[in-house]
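What follows is each chain in one-letter form.
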Amino acid sequence: QVQLVESGGALVQPGGSLRPTCTASEFTSSRYTMKWYRRVSGRERELVASITSPDASTTYGDSVKGRFTISRARAGTTVYLQMNSPQPEDTAVYYCSARQAYSSNDYWGQGTQVTISS
């Protein structure tokens, strides 16, 4: 059972920056994908970004391309979401998910609130 813990959500002014973090307890495989999603109440969940291990291949949702960057620690199982110039429409609960290679199980964190407001 993989456990995910997000942190780093905050209230930030538009144009600022923040970096939520997701740490996984452990993986049984070195091949896995970790993703950031976000959800606004009343709207569908939106994929923000993903990163694979071990090759660190990344993908981004159209709404965050060029503004957000997903990365992972060289050692361990921590991923970061660098949010530059966030805007009020980026306000949401951000969730981390993970899936190991050759598995259909998705693991989820509890979410971290990001609020962009002046």
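Residues numbered from 1 in each chain as written. Predicted model: local features only at pLDDT ≥ 70, side-chain atom pairs only at ≥ 80, totals over all residues. Heavy atoms only, no water.

K.L.:
An account of the overall build of the chain is needed here, citing residue identities and associated values.
P.N.:
The number of helices and strands found in the chain is zero helices and twelve strands. Along the chain direction, N to C, the helices and strands of the chain fall in the order β-β-β-β-β-β-β-β-β-β-β-β. In terms of overall dimensions, the chain is globule-like: its C-alpha atoms have a radius of gyration of 14 Å, near the 13 Å expected for 118 residues. Its C-alpha atoms put the chain at 45 × 30 × 25 Å along the principal axes. Expressed as a percentage of its 118 residues, the buried residues of the chain come to 38%. (Helix = DSSP H or I, 4+ residues; strand = E, 2+ residues; numbered from the N terminus. Rg over C-alpha atoms; globule rule 2.2 N^0.38 Å. Buried < 20%, exposed > 50% of the residue type's maximum accessible area, 1.4 Å probe, protein only.)

K.L.:
Before we move on, can you summarise the pattern of salt bridges with the specific residues and values?
P.N.:
This model, assessed by the stated rule, comprises five salt bridges. One salt bridge connects Asp90 with Arg38, and the closest N-O pair in it is separated by 2.9 Å. Highlighted residues: Asp90 in the loop between strand 9 (78–84) and strand 10 (92–100) and Arg38 in strand 5 (residues 32–39), separated in sequence by 52 residues. For Asp90, a relative accessible area of 1% gives the class buried. (Salt bridge = Lys/Arg side-chain N within 4 Å of Asp/Glu carboxyl O.)

K.L.:
So, the nonpolar core: which residues are in play, and what are the values?
P.N.:
Counting residues in each nonpolar core, the largest one holds 26 residues, and the members touching the most others are Leu4, Met34, Trp36, Val48, Leu81 and Tyr94. Secondary structure elements with two or more residues in this core: strand 4 (21–24), strand 5, strand 6 (46–53), strand 8 (68–72), strand 9, strand 10 and strand 12 (112–116). (Core = buried A, V, L, I, M, F, W, Y, C linked by side-chain atoms within 4.5 Å.)

K.L.:
Break down the environment of Thr77 for me, with residues and values.
P.N.:
Of note, Thr77 is situated in the loop between strand 8 and strand 9. Residue class for Thr77 comes out buried when judged on its relative accessible area of 16%. Sequence separation between Thr77 and Met34 is 43 residues; the distance between their C-alpha atoms is 9.3 Å. Sequence-distant contacts of Thr77, defined by excluding residues within four places in its chain, comprise Cys22, Thr23, Ala24, Phe27, Tyr32 and Met34. (Contact = heavy atoms within 4.5 Å.)

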